[in-house]
Structures are given as C-alpha cells and as structure tokens.
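As a plain string of letters, each chain reads:
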Amino acid sequence: MANASMHESTYLILTALVEAPRHGYALLDEVRRISDGRVDLRAGTLYAALDRLRTDGLVDIEREEQVQSRLRRYYRLTAPGARRLAEESARLRSNADAASVRLRRAGLIFDGGAA
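Reading the values: rules and limits
- Residues numbered from 1 in each chain as written.
- Predicted model: local features only at pLDDT ≥ 70, side-chain atom pairs only at ≥ 80, totals over all residues.
- Heavy atoms only, no water.
- Axes fitted to C-alpha atoms, helices over the stretch in contact; angles between N-to-C directions.
- Helix = DSSP H or I, 4+ residues; strand = E, 2+ residues; numbered from the N terminus.
- Parallel < 35°, antiparallel > 145°, perpendicular 65-115°, else oblique.
- Left-handed = near helix turned anticlockwise from the far one by under 90°.
- Contact = heavy atoms within 4.5 Å.
- UniProt positions renumbered as here; feature names shortened; annotations may be inferred.
- Pairing = 2+ DSSP bridges.

Engineer: Looking at this model, I keep getting lost on the packing of helix H1 (residues 8-16) against helix H4 (residues 79-105). Mind explaining?
Structural biologist: What describes two packed helices is the angle between their axes and the distance between those same axes. Relative orientation of the contacting elements H1 and H4 amounts to 125°, with a least axis distance of 10 Å. The angle between the axes of H1 and H4 places the two elements in the oblique class. For the crossing formed where H1 meets H4, the hand is left-handed. Taking contact as the criterion, the partners of Tyr11, Leu14 and Thr15 in H1 are, on H4, Gly81, Leu85, Glu88, Ser89 and Leu92.

Engineer: Would you explain the UniProt feature "domain: Transcription regulator PadR N-terminal" (unreviewed entry) in the chain in this entry?
Structural biologist: Mapped onto the present numbering, the UniProt feature "domain: Transcription regulator PadR N-terminal" (unreviewed entry) falls on residues 13-87. Along residues 13-87, the helical share is 49% and the strand share 25%, with 15 Å between the first and last C-alpha atoms.

Engineer: What is the right way to look at the sheet that holds strand E3 (residues 70-77) in this model?
Structural biologist: In sheet architecture, strand pairing relies on hydrogen bonds along the backbone and comes in two forms, parallel and antiparallel. Strand order across the open sheet formed by three strands is E1-E3-E2, with antiparallel pairing between neighbours. Taken across any chain shown, the strands that pair with only one partner, and hence form the sheet edges, are strand E1 (22-23) and strand E2 (59-67). As paired strands, E2 and E3 are joined by eight bridges and run antiparallel to one another. Bridging across to E3, Val59 finds its partner in Leu77.

Shown next as structure tokens:
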C-alpha cells in the first residue's frame, strides 16, 4: 500500500485531519481551503471516503455529539493514517522534484517558477 498512489481527495481529507479532529462539514470546508478552492467535495463523496478510510484504519471516530437533533461525528487521523500521509507526501515531493529538475535542464523553468 505504501507505494500505491492516493487519490487527491483522500490526501486532502487526511491533511485536513492533521491538526485537529473535525466533523464532516468542517472537513468539507477545510479541504476546500487547503486546495485553494480547487477541490469541492460533495457530502456523499466525503462520507464514502471516510468509511473507506475507517475500514483501512487511517481515520477513526473521536466522538459523536447531538446537534439540533442530528448526530455529528468527529473524525481523527490515526497513527497509521499519519504515516500513510507522510509516505504519500514524500512520494509526491519526489515526483515534483524530478519534474522540476528535468524542466530546469530543458531551460523551461528558472528559480522554481514557470518560464
């Protein structure tokens, strides 16, 4: 699993849970913020991903509370989830570094920016 790439939405969900546990709608907002608005998950997509991440042991439910007669679940990143996120971050960084090196050699970027 460590070498398999991760979907961007999964990566962003895990990233959104690094600093603190969050409930579903707070996760939707945080993913949107982290991605500068590029990724706007739908609730169904988020909850399906959270179910899969729970099954994989990467996130867990920290607590549940009743809010206006609805159950609000707070999700937290697990230690295996943090390790998997760190592995994926390293993989993405390595790929980005390789692309940057080749672009610089080809004279297509300078100082880390586009030509």
